[in-house]
Every structure is written in C-alpha cells, then in structure tokens.
Amino acid sequence: MIEVNGITKRYGRKTAVDNLSFTVRPGHVTGFLGPNGAGKTTTLRVVLGLDRPDAGTATVSGVPFRSHRRGLRHAGALLDAQQVHGGRTAAAHLAALARSNGLPARRVADVLEEVGLAEVARHRIGGFSLGMKQRLGIAAALLGDPPVLIFDEPINGMDPEGVFWVRRLFRSLAEEGRTVFVSSHLMGEMANTADQLVVVGLGRLLAAEPAAQLIGRAGSLEEAFLRLTSSSVEYRAEERR
Amino acid sequence: MTDVIAAEWIKIRSLRSTFWTLGLTTLFVVGAAVVAARADYSNFPQYDHVQQAGHGFALSDAFPPVGFMAVMLVATGAGAVTVVSEYGSGLIRTTTVAVPARGSVLLAKAIVVALLWTVAGAVMSTLSFVVSQAILAGRHADVSITDPGAGAALLAATLVGPVCALVGLALGVLIRHSVTTMVTGVVLLLLVPSMFTTRRPWSAAVNHAMVWSAWQRLTRTYGPPDGVGSLYASFTGSWLVYALWPLAALVLATVVIRWRDV
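Residues numbered from 1 in each chain as written. Chains lettered and ligands numbered in written order. Predicted model: local features only at pLDDT ≥ 70, side-chain atom pairs only at ≥ 80, totals over all residues. Heavy atoms only, no water.

Engineer: Hey, could you go over the overall build of chain A for me, with residue numbers and the actual values?
Structural biologist: When helices and strands are counted, chain A shows 8 helices and 9 strands. Here the C-alpha coordinates of chain A stretch approximately 50 × 40 × 35 Å along the principal axes. By residue count, 54% of the 241 residues in chain A fall in the buried class. Within chain A, residue pairs in contact and separated by at least 24 positions form 68% of the contacts whose partners lie at least 6 positions apart. Approximately 10800 Å² of chain A is accessible, and the part contributed by carbon and sulfur atoms is 48%. (Helix = DSSP H or I, 4+ residues; strand = E, 2+ residues; numbered from the N terminus. Buried < 20%, exposed > 50% of the residue type's maximum accessible area, 1.4 Å probe, protein only. Contact = heavy atoms within 4.5 Å. Areas by Shrake-Rupley, 256 points an atom, 1.4 Å probe, with all protein chains shown as cover.)

Structure (structure tokens):
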C-alpha cells in the first residue's frame, strides 16, 4: 500500500507537485499517467524518501520510507534504467545491492534468471541495450522480494517480447498480493496492463479510479487521457496546416 | 553496518579502474624515489662533509614530493569518484532506496576508501623507502627505519593517501560534480599551502594547517627540523592536521547528505 497525503514539492519557483493525494492498493497493477512535467517522477521520489516534500506525507506500508534502515525488503524500485555504472557486471551491480541489505547471494542468480539475464550476468552493463538495462532494473527491484514495487517507465526501449513479458510479470506480482505502481506515457500499454489508474497533470490529481471505468466513459484510454489532461499539458506542438 | 561496508567493497573492487589506478600510482611513486635517490647517489662526491655525514636528503629521497603530490592527487580523485560517479550516473538513487540511512552509506564508503588507501599507501611508502635506501646504501648515506624521524615519516607517507581520499570523498558529497570536485581538492590540498608564506605568523598559521605542509614536516622534505625554523609546522600539529581535515570534511558531508534531496 502506498499512501500519498497532500504532498507539495517545489524546486525553486516551480511547483512540481501541488497538494497531491491518492492511494495505491495491494493486489492491483496501478498505472500512473500524466503528460511530461506532470510531476510523476517527483511523486515517486517523494514516496521513496529521496526528496523531502514541502508539505504533506507519503507512506509505504504505513510508514515513511526513509524511516527504514534498509529498504529492499520493503519496496523495490526502478526509477531510471540508465542509472547504473557501465563498468560493473550485472552480477556485481546486484551483488552489492543484495549485500547492503543482508540478502543471500543466491537472490542475485534468482532475479537474473527471472528477468532473463542469467547468460549475461558476467557481462559489463555498459554493453547492454536499453531493454536489457530495464530488465536489470526490474531485477534490482525484485531482489528483496518486497510487498511494494514501483516502476518509472519500465518498458521504454523494450522489444515486443519484453513488453509482453513485463505485462505478465506485473500481473503475476499483483496476483501475489503485492502493490505494483507503474508510470508510463504509453496509453495502449497501460490499457493492457493496469486495472487501476492515477492520472496527474501539472502536479495535481486529475483522476484515480478503476481503468475499466475511465476507459468505459471515453471509449479508449487514449481519449480519456487527452480529455483529462487537455488543460494541463505544458508543451504542445503547433497544429500543421 | 558490516553489510553496507561489504556492499561498498563489492562496488569498488568490481571496477577495473580501481586496481589500474593503484598499480600505476605505485609505479610512479617508486619511480620518483629511484630518480631522487640516484640523483643524490651521483652527486654525493660533490657534497660537503656535513651533508655527506648527515645525509638529511635520505628521507626526502624515500618520500619524494613529486611522487607524493601524485599520490595526493590520485587519492583525492579516487575518494571523490566513489560518490561523484554515483551522482553522475544517478546510481545514488538506487543506492539510497536500498539503504535509506544515508549516513550509513557515507560511513561505509569512508571505511572502505580509508582501508584501501591505507593498504595501498603502506605498499607505496614501504617500496619507496626500501628501494631508495638500497640505492643510497652504495654511498653509506641510507637511513634505517629505526633512525630518528624515519618511522614517523613512513607512517605519514602511508596515511596521506587515506587522508586525501577521505577529503575527496567528502568534497564529492558536497559538490557532486567530478571536475569541480577535483579542482577544489587540488586547490585546497596542494595550491593553498604555496600561496601562504611561512615568513609571517598569520600566514604561517594557515600554511601549517594544510595537509601538504603536514606531510612535508612529517616526512622531512627539507631535512631534519632543527635547521629549518618556521618553515615546518609542529610535529603534533601536523598529526592533528592529518586527523582533523578528513574528520571535519566528513562531518560536514554527513550533515549535508542527510538534509539534501538525492
């Protein structure tokens, strides 16, 4: 369970998140949607205790995430697949994370197997494609077998087989009773994967409801999204004549 | 805590650059000691009797300033890179989600960096000392490790690595940008001492508070302290400088890393 209660986060004069509240429940895949600059990544950072909100609170399983001494058993996160050291092997990257949380070394082999990177475990991450780095990031999130999983744009750069795999993985994680929170701009993919949706624009909540309900009203998720966010898009191309 | 230390050790040892850096720096330092000792070996016949008998150059050949300036530079950079590379790539976010207690991550990095550089520094200094004294023994101008000041000099030459690596680590946390961190480190550790002469008391006080000056005093760059006057800081003061620089820098870094967004 992730609970966001009235958080506001400003960077200088810009308000990235403005009095935002929502709840993400266990047992579902919850999609987190919004145009660029809507405050999705900022919200996830606040939830994970990386950024301190100017107002409000965010909790993971009832407690602020920063209050944990070690985090991986409480939540797993993939924030940006590029945020790795290219000089390390996949196995070394995960071994350091596992060790820092006192997780058994066997977990590294387990998660590499689960995401399909077992064969390249001893290869340097620098040579990985974006899709492979996404798989590595998902492996890192799964290391501590946590009840809460957070993924920021996890399928960018993945091939169709990878996208299909992620979809099934997220569903099965939710079926095991975990909280799965996934941000994305890819409407088609969200319509296929998420059963709950949280939509934000300019840092404010626009909708939080079951996906079927939102899609049902507008005909498609894309249509629903465009209607909801029509007044909160920061960057828009000119119509071509 | 031991788990976080072990994790930081995995991180540092899993990079090839760690061992290349240490290996090349060792070669450079020992090479500098060989060059210095060979120069005194060949010039020895031209020295006057006092110089020949006192051979105050023997320790400075074992710990040549040019070689150890390189050690200080590399150690500062290596300490900084353990954290600046995480800020640069964004890996620090993954690290912080895994270990939300940020002070523990910094402390673990400090322990790993300090131990690694103490071992490396001991190897470098011992090799430099042994090789240079072997050369000077040909003129009976070598010193033994039990001679006055030699033990302290060896220890100071060993510890300048971890001192600088820890200052670099703390600067990396404060600045988070590789080039700026490196420039700041070089200015603080190596350039500032040369801007403050030891001829005026206030200026000497600043000079003597610097790591480079402490290193020079403890390794006797200008020979035994009796003939050098105010050029040297005090012996105790120099050890205090070794202790206080990394301590103060790390305390500041700990405060900042806890308070600032990742």
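Back to the text.
Engineer: I'd like to hear about helix α8 (residues 221-229) of chain A, residue by residue, with values.
Structural biologist: All names here are of chain A. All buried positions along α8 are accounted for by Leu221, Ala224, Phe225 and Thr229. One side of α8 carries all its buried residues, which in axial view fall inside an arc of 110°. Exposed and oriented more than 90 degrees from the buried face of α8 are Leu226 and Arg227. Those residues of α8 hidden inside the fold are in contact with β3 (29-33), α6 (187-193), β8 (196-201), β9 (204-210) and α7 (211-218). (Arc of directions from axis to C-beta.)

Engineer: Go over the sheet that holds β3(A) with me, naming the residues and quoting the values.
Structural biologist: All names here are of chain A. An order of β5-β6-β7-β3-β8-β9 is seen for the 6 strands of this open sheet, with the pairing classed as mixed. Edge positions in the open sheet fall to β5 (75-78) and β9, since each of these has one partner strand only. Direction aside, the axes of adjacent strands within the sheet are offset by 15° on average. As defined by bridge partners, β3 adjoins strand β7 (residues 179-183) across 4 bridges and the pair is classed as parallel. Across the sheet, residue threonine 30 finds its bridge partner in β7, namely phenylalanine 181. Here helix α4 (residues 130-142) sits on the sheet and contacts β5 and β6 (148-152); the angle it forms with β5, its principal contact strand, is near 170°. Helix α5 (residues 160-175) rests against β3, β6 and β7 of the sheet, and its axis sits at about 150° to β7. (Pairing = 2+ DSSP bridges. Axes fitted to C-alpha atoms, helices over the stretch in contact; angles between N-to-C directions.)

Engineer: Please provide a residue-by-residue account of the sheet that holds strand β4 (residues 55-60) of chain A, values included.
Structural biologist: Residues and elements named next belong to chain A. The strand order across the open sheet formed by 3 strands is β2-β1-β4, and the pairing between neighbours is antiparallel. The open sheet has two edge strands with one neighbour each: β2 (14-24) and β4. Each adjacent strand pair in this sheet contributes to an overall mean axis angle of 20°, direction not counted. Sheet topology note: the strand β1 (residues 2-11)/β2 ladder contains 7 bridges and is antiparallel. Within the sheet, the bridge partner assigned to isoleucine 7 lies in β2 and is leucine 20. Relative to β1, helix α1 (residues 40-47) is tilted by about 115°, and along the sheet it contacts β1, β2 and β4.

Engineer: Residue-level account of the interface of chain A and chain B, with values.
Structural biologist: Of the residues lining the interface, 34 residues belong to chain A; the matching set on chain B comes to 29 residues. Overall, the association of chain A and chain B removes approximately 2700 Å² of surface from exposure, summing both partners, and the carbon and sulfur fraction of that is 55%. Area buried by chain A at its contact with chain B is led by A:Leu50, A:Gln83 and A:Arg88, which between them contribute 24% of it. On inspection of chain A and its partner chain B, the count reaches 2 salt bridges. With a closest N to O distance of 2.7 Å, B:Asp261 and A:Lys9 form a salt bridge. Between the two partners, chain A and chain B, sit 14 residue pairs in polar contact (both at pLDDT 80 or more). For the side of chain A that touches chain B, the leading source of residues is helix α2 (residues 90-100) of chain A, giving 7 residues. Its residues assigned to classes, the side of chain A that touches chain B comprises 13 nonpolar, 11 polar and 10 charged. (Buried area = accessible area lost by both parts, 1.4 Å probe. Salt bridge = Lys/Arg side-chain N within 4 Å of Asp/Glu carboxyl O. Polar contact = N/O pair within 3.5 Å; in protein donor to acceptor, adjacent residues only side chain to side chain. Nonpolar A, V, L, I, M, F, W, Y, C, P; charged D, E, K, R; others polar.)

Engineer: Go over a nonpolar patch on the surface, please, and point to the residues and values.
Structural biologist: Judged by side-chain polarity, B:Val179, B:Val183, B:Val187, B:Leu191 and B:Met195 come together as a nonpolar surface patch covering roughly 430 Å² of accessible area. Taking the relative accessible area as the measure of exposure, B:Leu191 reaches 40% and is therefore partly exposed. (Patch = residues over 30% accessible without salt bridge, like charges linked within 9 Å, V, L, I, M, F, W, Y side chains within 5 Å.)

Engineer: Describe the nonpolar core, listing the residues and the values that go with them.
Structural biologist: In this structure, A:Ile150, A:Phe181, B:Phe63, B:Trp117 and B:Val160 are the most contacted members of the largest nonpolar core, which totals 91 residues. Here the element with the most residues in this core is helix α8 (residues 150-175) of chain B; it accounts for 15 residues. A:Ala90, A:Leu169, A:Ala224 and B:Ala101 belong to the second largest nonpolar core, which has 59 residues in total. (Core = buried A, V, L, I, M, F, W, Y, C linked by side-chain atoms within 4.5 Å.)

Engineer: Give me the pairing of β8(A): which residues, what numbers.
Structural biologist: Residues and elements named next belong to chain A. Along β8, 5 of the 6 residues are buried, which leaves the element largely enclosed by surrounding structure. Here 4 bridges tie β3 to β8, and the two strands are oriented parallel to one another. Residue pairing across strands places phenylalanine 32 opposite valine 198, the latter belonging to β8. As paired strands, β8 and β9 are joined by 6 bridges and run antiparallel to one another. Its bridge partner lying in β9, glycine 201 is registered against arginine 204. In this antiparallel pair of consecutive strands, β8 and β9, the connection spans 2 residues, and leucine 202 shows a positive phi of 45°.

Everything listed is a geometric property; what it means functionally is a separate question.
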